[in-house]
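# Close look at the chain arrangement
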Amino acid sequence: MTLLPAIAGAADIISEVRDPGQSPAAENGGFLEIGLAAGVVSTAWEQDDPADNSKFSPSAGLLVSGSYQYKRVFVEAALYGLDGLNLGATVWQNERWMVDFLALNLDGELNFPREDPDGPSPIEEQRDGNLLGRAIGYAAAGTRITGYFGDTIAQFRLTSDYYNSHGIIGSARIGRQWLAGNWKIQGLFGVRYNSAKINQSWYGIDPEEATSRFPVYRADGSLQLETQLGISYPLSRNWVFRSDLLYIRYPAAITSSPLLANDRDLALVTGFSYVF
């Protein structure tokens, strides 16, 4: 599912906002959450048929979220999260702040193409398809700092991608939860930084890749806005209903790429999950 990651000590801020008001801790244990979700998605990415660029597409799938911590070591993946899978360890904490080392931050789709430099060049239609099907993902390492202020949580991340471009990804986000009876409302706002190397890897077009539809493009670094609004309701001790609205606004450094047709990703997702 596009925009629905299949893949919470401190945790991804999405998980933290859903269970606020807790000071940093180093308790052993974790949880597993499995859900079915459906929704509509409109992506900024150029489509095979340009007439589909502004359309909302249905999407559905199985989502798995979980977290496990042993002493200071943790592995986590947040349902509807923005940062994928995290593996790391807490290196420092006090009553308000926690600092984590992220040995692996994995998100998106990675591919490992095998190229034959002596083989024939693909026809232009195939090169168009290769560009439209480009994998957008990263495997990175870095640090994460989380601050707890009652029902409000702030989180700062800085990682370096070691899968492909070796660029920098950073983010600053703030989230809060409100209660309305048994309903929980979660809000999140953030800014994400992509270095030029990251953006060139994802959105740039090198001369040897260029076609008449997708000319050469060199991408710069960028800041993008990320907003998420969610509601949840406990149906029983283990079953939870959730609905989330995700909006990402891309800047000119990204939207000027021929591979993008719009300046935003927008997704509305609703589903049911079982928590173990």
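Notes on the structure in this doc start here. (Residues numbered from 1 in each chain as written. Predicted model: local features only at pLDDT ≥ 70, side-chain atom pairs only at ≥ 80, totals over all residues. Heavy atoms only, no water.)

Right, let's talk about the overall build of the protein chain for a bit. From N to C terminus, the protein chain includes four helices and twelve strands. Scored against the burial criterion, the 276 residues of the protein chain give a buried share of 45%. On the protein chain, roughly 13800 Å² of surface is accessible, and the fraction owed to carbon and sulfur atoms is 59%. (Helix = DSSP H or I, 4+ residues; strand = E, 2+ residues; numbered from the N terminus. Buried < 20%, exposed > 50% of the residue type's maximum accessible area, 1.4 Å probe, protein only. Areas by Shrake-Rupley, 256 points an atom, 1.4 Å probe, with all protein chains shown as cover.)

With the rule as written, the count across this model stands at eleven salt bridges. Residue arginine 213 pairs with glutamate 46 through a salt bridge whose shortest N-O separation is 3.0 Å. Taken together, the positions of arginine 213 in the loop between helix 3 (196-203) and strand 10 (222-234) and glutamate 46 in the loop between strand 1 (29-42) and strand 2 (57-70) put the pair 167 residues apart, joining distant regions of the chain. On the basis of relative accessible area, glutamate 46 is assigned to the buried category, the value being 11%. With a shortest N-O distance of 3.5 Å, aspartate 83 and arginine 157 are connected by a salt bridge. (Salt bridge = Lys/Arg side-chain N within 4 Å of Asp/Glu carboxyl O.)

What follows is about the nonpolar core. Counting 23 residues, the largest nonpolar core has Tyr203, Tyr250, Leu259 and Leu260 as the members making the most contacts within it. Looking at this core, the elements that each hand over two or more residues are helix 2 (124-132), strand 6 (137-149), helix 3 and strand 11 (239-249). A per-element tally of this core places helix 3 first, with three residues. Each residue touching leucine 259, except ones within four places of it in the same chain, is listed here: Trp45, Glu46, Leu131, Arg134, Trp202, Tyr203, Gly204, Ile205 and Phe214. (Core = buried A, V, L, I, M, F, W, Y, C linked by side-chain atoms within 4.5 Å. Contact = heavy atoms within 4.5 Å.)

So, about the environment of glutamine 155. Along the chain, glutamine 155 turns up in strand 7 (residues 152-161). Separated by 3.0 Å, the side chains of glutamine 155 and threonine 146 make a polar contact. (Polar contact = N/O pair within 3.5 Å; in protein donor to acceptor, adjacent residues only side chain to side chain.)

This part is about the pairing of strand 8 (residues 168-180). Within a regular beta strand, the side chains point alternately toward one face of the sheet and then the other, so they alternate between its two faces. Alignment of strand 7 against strand 8, held across nine bridges, turns out to be antiparallel. Residue phenylalanine 156 lies in a different strand from strand 8, and its bridge partner there is alanine 172. Here twelve bridges tie strand 8 to strand 9 (residues 183-194), and the two strands are oriented antiparallel to one another. Looking at strand 9, one finds that isoleucine 169 is bridged to asparagine 194. Here strand 8 hands over to strand 9 after two residues, with glycine 181 in that stretch at a positive phi of 65 degrees. (Pairing = 2+ DSSP bridges.)

The strands that make up a sheet are held in pairs by hydrogen bonds between backbone atoms, and each pair lies either parallel or antiparallel. Within the closed barrel, the twelve strands sit side by side as 1-2-3-4-5-6-7-8-9-10-11-12. Their pairing is antiparallel. The mean inter-strand angle of the sheet, taken between neighbouring strand axes irrespective of direction, is 20 degrees. By the bridge criterion, five bridges tie strand 3 (residues 73-77) to strand 4 (residues 85-93) in an arrangement that is antiparallel. Considered in strand 4, the bridge of glutamate 76 is made with asparagine 86. Of the strands in this sheet, strand 6, strand 7, strand 8, strand 9 and strand 10 are in contact with helix 3, which crosses strand 9 at around 100 degrees. (Axes fitted to C-alpha atoms, helices over the stretch in contact; angles between N-to-C directions.)

Our focus in this paragraph is a nonpolar patch on the surface. A cluster of nonpolar side chains, contributed by Leu32, Ile34, Leu36, Leu62, Val64 and Phe276, occupies part of the molecular surface with about 550 Å² of accessible area. The dominant element in the nonpolar patch, judged by the number of residues it contributes, is strand 1, at three residues. Turning to its location among the elements, leucine 62 is positioned in strand 2. Looking at leucine 62, the relative accessible area reads 53%, which means it is exposed. (Patch = residues over 30% accessible without salt bridge, like charges linked within 9 Å, V, L, I, M, F, W, Y side chains within 5 Å.)

Such coordinate-based values are descriptive only and should not be taken to indicate function.
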